[in-house]
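Residue-level structure breakdown
Chain by chain, the residues run as shown.
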Amino acid sequence: MFILNQKASIAGDILRELRDENLQKDRRRFRENLTKIGFLLGYELSKSLSFSPKEVQTPLGKAVEKTCDSDLVLVCLLRASLPFYQGFLQCFPEAESAFIGVKRLENKITEVEIDLGYLATADFDQKELVICDPMLASGKSIYHSINELLKLGTPSKIYIASAFAAPEGINYLKTNLSLPFDLWLGSLEEGLNKKSFIVPGLGDAGDLAFGEKI
Ligand SMILES: O=P(O)(O)OC[C@H]1O[C@H](OP(=O)(O)OP(=O)(O)O)[C@H](O)[C@@H]1O
Ligand SMILES: O=c1cc[nH]c(=O)[nH]1
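All of these numbers come straight from a predicted model, not from anything done at the bench.

Conventions adopted
Residues numbered from 1 in each chain as written. Chains lettered and ligands numbered in written order. Predicted model: local features only at pLDDT ≥ 70, side-chain atom pairs only at ≥ 80, totals over all residues. Heavy atoms only, no water. Phe/Tyr/Trp six-rings, centres within 6.5 Å; stacked < 30°, edge-to-face > 60°. Helix = DSSP H or I, 4+ residues; strand = E, 2+ residues; numbered from the N terminus. Buried < 20%, exposed > 50% of the residue type's maximum accessible area, 1.4 Å probe, protein only. Lys NZ or Arg CZ within 6 Å of the ring centre and 35° of its normal. Near = heavy atom within 4 Å. Polar contact = N/O pair within 3.5 Å; in protein donor to acceptor, adjacent residues only side chain to side chain. Pairing = 2+ DSSP bridges.

Considering all chains together, one arrives at four aromatic pairs under this definition. Arranged with centres 5.3 Å apart and planes meeting at 70°, the rings of Phe84 and Phe88 form a pair that is edge-to-face. Of this pair, Phe84 and Phe88 both sit in helix α3 (residues 81-91), four residues apart, which is roughly one turn of that helix. Like Phe88, Phe84 is buried. For the cation-ring pair, Arg104 lies above Phe197, with the distance from its terminal atom to the ring centre recorded as 5.0 Å.

As structure tokens, then:
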């Protein structure tokens, strides 16, 4: 498990702005910060992908750079993932994508239940799947999304990337997912409150990015 804020870096400034109850009222800044964290996590994740040296002709000679050989499919869980996923896409512009409409049912107070809707994906069979969701709370949105995807193919590897993650959600995924996965987190949080919101977290990422759901 990789945790971005375990080592002091500029990522801490971005995570702090995302959490700040006053600054997060600025939707544009909030979305841009989610994109930045997505980009930084994508960059960190790239260090575990396959690379090979490739020659390039410059105006002044030949150079060799190691470039990425991995076949990635980035998974965007609508809505809150959109700006976070965009950061991953900036990092991996050649990647293919999957989009899944998934939301927690708001009237379920004691236990999180999930509503799955739209699903459109590129072929990810034997490719590396990167699940991009800024909030890993109970883990059920990611769990059900991956289960729907697994009906359509078998990835060679699953990465799960979240800006904020609760230990409860991580344990839920470890217990229930049928395939192994690697976690890439911005911050590992204290836990969940009674409404299964991440504490301290940042609140409702989808509402902050796009407006309160009716
Ligand atoms: O781990 P979980 O308990 O499943 O919670 C995490 C989910 O909650 C949020 O989505 P939400 O249902 O609020 O929808 P939205 O993105 O459309 O706001 C967030 O984007 C995650 O997908
Ligand atoms: O804390 C949480 C939990 C789920 N979804 C969010 O946006 N925030």
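Right, let's talk about the site of ligand 1 for a bit. Taken together, 15 residues form the shell around ligand 1, and within it Arg104, Asp133, Ser138, Gly139 and Ser141 come nearest. Here an oxygen atom of ligand 1 sits 2.9 Å away from a polar atom, N or O, in the main chain of Ala80. Measuring from an oxygen atom of ligand 1, one finds a side-chain N or O atom of Lys213 at 3.1 Å. Among the secondary structure elements, those contributing two or more residues to the shell around ligand 1 are β5 (96-104), β8 (135-136) and α4 (140-150).

On any regular strand, side chains alternate: one points to one face of the sheet, the next to the other face. In this structure, strand β2 (residues 51-58) lies alongside strand β3 (residues 61-68), joined through eight bridges in antiparallel fashion. Along β3, the bridge assignment pairs Ser52 with Thr67. Counting the residues that bridge the hairpin from β2 to β3 gives two residues.

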